[in-house]
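# Observations on the model geometry
In case you want the letters, here they are:
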Amino acid sequence: MERKNLIATRRAWQLISFVFFFGLWELAGRWPISLAFPPFSTTVLALLRMTADGSLLKAYLSTLQPLVIGIVLCGIAGIGFGIGMGLSRSIEWFSLPIFIILQAAPMAAIIPLITYIYGIGLASKVLAVVVLAAPVIVMNSYKGIRNTNPSLIQMCRAFLGTRRQEVIKIILPHAGALIFAGLRLGLAMGFIGIVIAELMITPTGIGDLITYHSSVADYPEMFAAIASIIVLAALTIHALERLERKLFPPEVRGS
Amino acid sequence: MSAEAIVEARGVGKSYDGGVEALKDVSLALPRGKLSTLLGPSGCGKTTLLKIIAGLIPPSRGEVWVKGKKVDGPGPERAFVFQDFALLPWANVLRNVAFGLELRGTPKEQRDEIARRQIAEVGLSSFESSYPHQLSGGMRQRVGLARALAVDADIILMDEPFSSVDEQTRRKFQEELLDLLRHKEKTVIFVTHSIEEAAYLSDQIVLLSPRPGAVSRIIHPNIERSGRNPDEIRRDKNYLDAVDEIWQILKQYVA
């Protein structure tokens, strides 16, 4: 009963937070602080219009394709590479400096460069996603492997485990949570990458919707497109976070 | 002491990088079927010596022989009980206890049956499907002990197994350990810094001096244990003499 109350109170406050935020937006739009700033209600109506005429769906099909391809590529190659770095000293020494630099560098800055090399096709958009998402995915996998409790490794050796068993039965299960968290953070970076790519490289998908509607001064449509990608990214990342907590509850993570 | 030696250390020394000398010229014979304790102040290298016997750390000098064979790594005739338990946090009690057998490739049904029997022996039958984080420190160490018993090694190496459990649990555990071992032909090598624990449990106590660790004295308490309850043992003259003798030697090492 106590717990139920707590949850209800939390839900109420969260609802108030949304109402407050959207209310402020509505007020600011009606004031108006700028002619280019539509109120919340107008934006929602624009969103409904764009959903009804199919332009939003078409844009998302074109935006999500390179995002998914990019994240899957990073998921396979990046996790594999990070695990390799964690397991082998030579791979670690060879690649750690590169990834530390990549992780610290403002990678968005090199996106225009990608256009020079790969043009304005799908390849460029995929590459933009990869460039932003890969460092955090690789680094998380690497750290997950490296953080294995040394006592568990010693236990495995004491009970005659082979190196292969040590990797499969101790190190990988131990790293699972961090690797998954890396994927989630990578996807968040991937959303940034794809939007930048579509705004800067190829006017397609959701980036094109934003640019086009802004150029013809359809501000409600422009804000609707921006809001929709924010909501999509936030919901996806949140869902992954919940899945993560379900798959790797903190008490059995073992770090 | 008529029993033949099952473990022999010959001139064992260990130096770490940077020149720290942990052990110096340790020669020892540990009798089969008895409980021997390595006792000394912290920093005397007792855990290092135990891990060298286990084959987890290579000695810098000298050699260890177990059952007539020179040690060059862990072996099936030795099982280790860790100070920090070293249980897999993502595995339940049953799998943790069976883990040594799992690494050896014992078929699942067979190893689960053996594990269930050992779990019953340490009194955890109703916790087979619990996870380590749901157990108290004392219960976790029972799991660690059951895992070591499950692989049916002749020699059980215990590294301060009771140091992270509270005093009451510790006493109860000591009594149970004696009970459990009375019916088995096991050789136990036990590391502790508790004088009472050493005197209470041991057939033979090896006193180590600190920095670098070297054998300072070997004591055989010769306490009659069969058919007597713990309180009688703790009032036994030989027990009290042993405690006093050890203290007289150890107190000179206390700075």
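Residues numbered from 1 in each chain as written. Chains lettered and ligands numbered in written order. Predicted model: local features only at pLDDT ≥ 70, side-chain atom pairs only at ≥ 80, totals over all residues.

## Looking at the domain arrangement of chain A
Residue and element names in this part refer to chain A. Assigned domains of chain A: these are domain 1 (1-29 + 39-53) and domain 2 (57-253). Placing a centre on the C-alpha atoms of domain 1 and another on those of domain 2 gives a separation of 29 Å. With six residues of domain 1 at the interface, the matching set in domain 2 holds six residues. When grouped by side-chain class, the residues that make up the side of domain 1 that touches domain 2 number four nonpolar, two polar and no charged. (Domains from an automatic or database assignment. Contact = placed C-beta atoms within 7 Å. Nonpolar A, V, L, I, M, F, W, Y, C, P; charged D, E, K, R; others polar.)

## Focus: the sheet that holds strand S2 (residues 21-31) of chain B
Residues and elements named next belong to chain B. The antiparallel open sheet is built from four strands, whose spatial order is S2-S1-S4-S5. Lying at the two open borders of the sheet, with one neighbouring strand each, are S2 and strand S5 (69-70). Judged from the seven bridges that link them, strand S1 (residues 5-15) and S2 form a sheet pairing that is antiparallel. Within S2, the position partnered with glutamate 8 by the bridge is alanine 29. Contacting S1, S2 and strand S4 (61-66), helix H1 (residues 46-54) runs over the sheet at an angle of about 120° to S1. (Pairing = 2+ DSSP bridges. Helix = DSSP H or I, 4+ residues; strand = E, 2+ residues; numbered from the N terminus. Axes fitted to C-alpha atoms, helices over the stretch in contact; angles between N-to-C directions.)

## Concerning the sheet that holds strand S7 (residues 155-159) of chain B
Residues and elements named next belong to chain B. Strand order in the open sheet made by the six strands is S6-S7-S8-S3-S9-S10, with mixed pairing throughout. If you trace the sheet from one side to the other, it starts and ends with strand S6 (78-81) and strand S10 (214-219), each paired once. If you compare each strand with its neighbour and ignore which way they point, the axes differ by 20° on average. Relative to strand S8 (residues 187-192), S7 runs parallel, the two being bridged by five bridges. Counted as the bridge partner of isoleucine 155 is threonine 187 from S8.

## Observations regarding helix H3 (residues 108-121) of chain B
Residues and elements named next belong to chain B. Its 14 residues give H3 an end-to-end C-alpha distance of 20 Å, which sits within 8% of 20 Å, the value for a rise of 1.5 Å per residue. Within H3, the full set of buried residues consists of Arg111, Ile114, Ala115, Gln118 and Ile119. In an axial view of H3, the angular spread of the buried residues amounts to 140°, which keeps them on one side of the axis. Facing away from the buried side of H3 by over 90 degrees, the exposed positions are Glu109, Gln110 and Glu113. Those residues of H3 hidden inside the fold are in contact with helix H2 (93-104) and helix H4 (137-150). (Expected span 1.5 Å × (residues − 1). Buried ≥ 20, exposed ≤ 12 C-beta atoms within 10 Å, placed from the backbone. Arc of directions from axis to C-beta.)

## Focus on the interface of chain B and chain A
On the side of chain A, 16 residues touch chain B, which itself brings 18 residues to the contact. Ranked by the residues each element gives to the side of chain B that touches chain A, the list is headed by H2 of chain B, at four residues. Taken together, the residues that form the side of chain B that touches chain A break down as 14 nonpolar, two polar and two charged.

## Considerations on the packing of helix H9 (residues 205-215) of chain A against helix H10 (residues 219-247) of chain A
Each packed pair of helices is defined by two parameters, the angle between the axes and the distance between the axes. Residues and elements named next belong to chain A. Axis separation between H9 and H10 bottoms out at 8 Å; the angle between their running directions is 155°. As judged from the angle between their axes, H9 and H10 are roughly antiparallel. Our pair here, H9 against H10, has a crossing hand that is left-handed. Contact with H9, carried on its side by Ile206, Leu209, Ile210, His213 and Ser214, involves Glu221, Met222, Ala225, Ile226 and Ile229 of H10 and no other residues of that element. Its residues assigned to classes, the contact of H9 with H10 shows seven nonpolar, two polar and one charged. (Parallel < 35°, antiparallel > 145°, perpendicular 65-115°, else oblique. Left-handed = near helix turned anticlockwise from the far one by under 90°.)

## Some thoughts on the packing of helix H3 (residues 55-87) of chain A against helix H8 (residues 163-200) of chain A
All names here are of chain A. Between H3 and H8, the shortest axis-to-axis distance is 8 Å and the interhelical angle comes to 145°. Judged by the twist between their axes, the crossing of H3 over H8 is right-handed. Where H3 approaches H8, its residues Thr63, Pro66, Leu67, Gly70, Ile71, Cys74, Gly75, Ile79 and Leu87 are matched on the opposing element by Val167, Ile179, Leu183, Gly186, Leu187, Gly190, Ile194 and Glu198. Among the residues making up the contact of H3 with H8, the classes are represented as 11 nonpolar, five polar and one charged.

## Some points on the environment of leucine 208 of chain B
Residue and element names in this part refer to chain B. Secondary-structure assignment places leucine 208 in strand S9 (residues 204-209). Owing to 25 C-beta atoms within 10 Å, leucine 208 belongs among the buried residues under this scheme. Between the C-alpha atom of leucine 208 and that of tyrosine 253, which follows or precedes it by 45 residues, the distance is 10.0 Å. Dropping the residues within four chain positions of it, leucine 208 is found in contact with Leu38, Leu39, Gly40, Cys44, Gly45, Lys46, Gly213, Ala214, Val215 and Ser216.

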